[in-house]
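Spelled out from the first residue to the last, the chains are:
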Amino acid sequence: MTQKPLSPELRAQTLEAMARHKTQVAAAAALGISRSTLQARLRTAQTVAPAAPPPPAERHDSTFWRKKFADADRERGELHALVRELGGIDGLTIGAPSWGPLPASAGQSHAVGIMHTSDWHLGEKVAPKEINGWNAYDTTIAADRAQRYTEAAIQKLQEWSATTALDGVLYTMAGDDISGDIHEELRITNELTSLEQVQIAAGIRVASLARVADVFGRVHVVAVPGNHGRSTIKPTAKKYAALSYDILIARLVARELAGDARFSFQIADGSDAVIEIYGRNVLVLHGDKIGTGGGKGFAGPELPILRGVHKTRQQYASVGTKIDLVLGGHYHTSANIRGALFNGSLVGYNEYAAAIRAPMDVPRQWVAMYRARWGLSERLDLQLETPPKPRIRVMAATGAVA
C-alpha cells in the first residue's frame, strides 16, 4: 500500500521531535501520537522527498523586452538583406523555351545551338613571370577572351546551321564565373574583391548574351553554382545555390534583360539544372559535386569525370529521369566523354596548374549543336589563345631568369 506523503510542515515537526527527544517513545508522547504512527511518519519522511518549491519567475521590465525585440528585428533585417543580396531580386519571372519533341511530320531539320561556358574565374590575376611566361590573366584579358569566345561560337553555329532551322541557343553559365575568396591566397592575389568581381562579371555576361540574341534571336540561359563562387569558406550542402555569387550574377543578368522577350532564364536552386531539348534531357552542373575527387595519376581528371558522370546518371535514373547529355566544368580540362562535355577554363594555365605539374593547355570553352534527330552532333572546344612558345633567357651577368 502506498504511504500518503507527509506535508512539509508535518514532516518537519516529526523530525524535530525525534531530534529533541532522542527516542521514538518520548517523541511520540511529545507529539500526542502512538509509537506505530510515529514510525510510519518516519518511514515516509525518509523515502519521500518534499516537493521543491517552484523557482521564482524571471521578471524583466518593459525596457528589457523592448531591447530584446529590437535586437531580434535587427537580426531579421540583416538576414533578409543578406538573402536578397545573394539571392538577387524578388519576383523574377523565368520563361521556358519551347524545345519539346517535334512532330514526326516536321520536314526541315531542327537544332539548338549550345554555348557552354564555365570557369571564367574573373578577378583572378595570373603573373606570367611565375609560370615561365606561359600565360597571363586579369579582368581586361578575361573580357577579351569572353568576347573572342562569343564571336567564335556565333560563327561556328552559323556554319553548322546553314541548312538547318536553328530554334535558339542554350547558353550555360556553369559556375565559377568569379575567382572568389575561398582560399587565403586568392584573397591576397585577386585583382578585385568578390563583390567587384560580381559586378564586372554581370556586365560581361550581359554584353555576350545581347550579342548572341542579336544574331539568333532566342536564347535560354541555364545557370548553376560553382565552388569558387560560394560565399562561405567551406562548401555547404544546404542553400548551396542561395549562398553563391554565381547565382547572384545570373539573377543580376536576368534583371538587366528582363524586358527583352528573346531571353529566358533557368537559375538553379540547387547544384544541378535539367533542360529538355527535343524530348531529351540535358543536365547542367559545375562538376564539384559529381561524387569524385581530383585527377588520377597519368590519366588526369578524365577518369574522375567519367566515373562522376556515371554516378550522376545513376542518381537521376533512380527517380526515372534519363540524362542524355551532361554539361560540366570544374576540372579545367576539356573532355568529351560518353555523352558529356566538360569545359576547360577561360583563365587557362595558372600558378596552381604549374605547382601540380599539370601539362600546358590553353583557355577552352565548348560550342555544339543539338539536333532534333540525333541529339549532340557537331562540337568544338574553342581555343581562345595561341599555345605559347616561350624562351627562358638567362642574363649572363647576374644569372637571373628574364
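Everything below is about the structure shown above.
Residues numbered from 1 in each chain as written. Predicted model: local features only at pLDDT ≥ 70, side-chain atom pairs only at ≥ 80, totals over all residues. Heavy atoms only, no water.

(A) Local environment of the overall build of the protein chain. Helix and strand counts for the protein chain stand at 10 helices and 11 strands. Across the 402 residues that make up the protein chain, the buried fraction comes to 43%. At a minimum sequence separation of 6, the contacts of the protein chain that also span at least 24 residues come to 69%. Put simply, the protein chain shows about 21700 Å² of open surface, and 55% of that area lies on carbon and sulfur atoms. (Helix = DSSP H or I, 4+ residues; strand = E, 2+ residues; numbered from the N terminus. Buried < 20%, exposed > 50% of the residue type's maximum accessible area, 1.4 Å probe, protein only. Contact = heavy atoms within 4.5 Å. Areas by Shrake-Rupley, 256 points an atom, 1.4 Å probe, with all protein chains shown as cover.)

(B) Seen up close, the pattern of salt bridges. Taken as a whole and assessed by the stated rule, the structure comprises 12 salt bridges. Across the pair Glu385 and Arg145 runs a salt bridge whose closest N-O atoms are separated by 2.9 Å. Within this pair, whereas Glu385 is found in the segment after strand S11 (375-383), its partner Arg145 is found in helix H5 (residues 139-160), the two being separated by 240 residues in sequence. When its relative accessible area of 26% is taken as the criterion, Glu385 is described as partly exposed. Each of the salt bridges in this network shares a partner with another, and the network as a whole consists of Arg145, Arg148 and Glu385. (Salt bridge = Lys/Arg side-chain N within 4 Å of Asp/Glu carboxyl O.)

(C) Up close: unusual backbone geometry. If you check the backbone angles, Asp119 has positive phi at about 55° while not being a glycine. Relative to the assigned elements, Asp119 resides in the loop between strand S1 (110-117) and H5. Exposure remark for Asp119: the relative accessible area of 0% places this residue in the buried category. Here Lys239, not a glycine, exhibits a phi torsion of approximately 55°, which is positive. The topology assignment puts Lys239 in the loop between strand S3 (219-223) and helix H8 (245-256).

(D) A look at the pairing of S11. Examined bridge by bridge, strand S10 (residues 364-371) and S11 share seven bridges and lie antiparallel to one another. Looking at the pairing, Tyr370 lines up with Leu376 of S11. Linking two consecutive strands that pair antiparallel, namely S10 and S11, is a turn of three residues. (Pairing = 2+ DSSP bridges.)

(E) Expanded view of the packing of helix H1 (residues 8-21) against helix H2 (residues 24-31). It is the contact of H1 with H2, at a shortest axis distance of 8 Å, that shows an interaxial angle of 130°. One finds that H1 runs oblique with respect to H2. The hand of the H1/H2 crossing is right-handed. For the pair formed by H1 and H2, the contact residues are Gln13, Thr14, Ala17, Met18 and His21 on the first element and Gln24, Ala26, Ala27, Ala30 and Leu31 on the second. (Axes fitted to C-alpha atoms, helices over the stretch in contact; angles between N-to-C directions. Parallel < 35°, antiparallel > 145°, perpendicular 65-115°, else oblique. Left-handed = near helix turned anticlockwise from the far one by under 90°.)

(F) Examining the sheet that holds S10 more closely. A sheet is described by the order of its strands in space; here six strands give the open sequence S4-S3-S2-S1-S10-S11, paired in mixed fashion. Looking at which strands have only one partner, the edges of the open sheet turn out to be strand S4 (263-267) and S11. Averaged over all pairs of adjacent strands, the angle between strand axes in this sheet comes to 20°, irrespective of strand direction. Where S3 and S4 come together, five bridges link them in parallel fashion. Note that in S4 the partner of His220 across the bridge is Ser264.

(G) Fine view of the sheet that holds strand S8 (residues 335-336). Judged by pairing direction, the sheet is mixed, and its five strands sit side by side in the order S5-S6-S7-S9-S8 without closing on themselves. Lying at the two open borders of the sheet, with one neighbouring strand each, are strand S5 (272-277) and S8.

(H) Up close: the side chain of Glu124. Note that Glu124 resides in the loop between S1 and H5. With no salt bridge to any partner, buried Glu124 finds its closest opposite charge in Arg145, at an N-O distance of 9.2 Å. Of the polar contacts made by the side chain of Glu124, one reaches the side chain of Asn350; its length is 3.0 Å. (Lys, Arg positive; Asp, Glu negative; His and termini not counted. Polar contact = N/O pair within 3.5 Å; in protein donor to acceptor, adjacent residues only side chain to side chain.)

(I) Up close: the pairing of S3. Counting buried positions along S3 yields five of five residues, so the element is predominantly enclosed. Going residue by residue along S3, you find Val219, Val221 and Ala223 tucked away on one face and His220 and Val222 tucked away on the opposite face as well. Sheet analysis places strand S2 (residues 165-173) next to S3, joined by five bridges and oriented parallel. By the bridge assignment, Tyr171 is partnered in S3 with Val221.

These results come straight from atomic positions and should not be treated as a statement about function.
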